[in-house]
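Architecture and fold: a report
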Amino acid sequence: GDPWFNVGTKSFALFSTQKGLWIFKLPKPRQMMLFEVRPEIFSPMRAGGLLWSFVDVEKLDTAELKDLLEDAWRMVAPKSVQRQYGQPGTSPKQSR
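Let us look at the structure shown here. (Residues numbered from 1 in each chain as written. Predicted model: local features only at pLDDT ≥ 70, side-chain atom pairs only at ≥ 80, totals over all residues. Heavy atoms only, no water.)

This part is about the sheet that holds strand β2 (residues 10-16). Here we have 5 strands laid out as an open sheet, ordered β1-β2-β3-β5-β4, and antiparallel in their pairing. Of all the strands in the sheet, the pair left with one neighbour each is β1 (4-7) and β4 (42-47). Averaged over all adjacent pairs, the angle separating strand axes in this sheet is 25 degrees, with direction ignored. Relative to strand β3 (residues 21-24), β2 is paired through 4 bridges, and the arrangement is antiparallel. Residue Phe15 lies in a different strand from β3, and its bridge partner there is Trp22. Against the sheet, helix α1 (residues 28-37) engages β3, β4 and β5 (50-55), with an angle of about 45 degrees to β5. Against the sheet, helix α2 (residues 62-76) contacts β1, β2, β3 and β4, and its axis sits at roughly 140 degrees relative to β2. (Pairing = 2+ DSSP bridges. Helix = DSSP H or I, 4+ residues; strand = E, 2+ residues; numbered from the N terminus. Axes fitted to C-alpha atoms, helices over the stretch in contact; angles between N-to-C directions. Contact = heavy atoms within 4.5 Å.)

In structure tokens, the structure reads:
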């Protein structure tokens, strides 16, 4: 099947072979801004009452892709898990 990235049972990124695009769970204010200013890369994807983002990752540089994946991960990771990888609101990093 298509790749899904989860924290427990909650997904934060997945690939749609049907559309050939990645789907990210991003903070709504960031989604709305990206849909408006970069529609060639970001477009809305609705699943029931949820709003996700179709993302054409081929048009992103590595740093932006990493930032988006971290934001998506933070949307679903419990604060206790986030603390294991750094403070909430910072980049996940390996525990020492």
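So, about the packing of aromatic side chains. For the structure shown, the criterion picks out 4 aromatic pairs. When the ring of Phe5 is compared with that of Phe12, the centres are 6.3 Å apart and the planes differ by 50 degrees; the resulting orientation is tilted. Judged by its relative accessible area of 39%, Phe5 is partly exposed. Seen from their ring centres, Trp73 and Tyr85 are 6.0 Å apart, and the 85 degrees between their planes marks the pair as edge-to-face. Of this pair, Trp73 sits in helix α2 while Tyr85 sits in the segment after α3 (79-84), and the two are 12 residues apart along the sequence. Relative accessible area serves as the criterion here: at 13%, Trp73 is assigned to the buried category. Taken together, the ring pairs in this structure connect Phe5, Phe12, Phe15 and Trp22 into an aromatic cluster. (Phe/Tyr/Trp six-rings, centres within 6.5 Å; stacked < 30°, edge-to-face > 60°. Buried < 20%, exposed > 50% of the residue type's maximum accessible area, 1.4 Å probe, protein only.)

Just distances and angles here, no functional claims.
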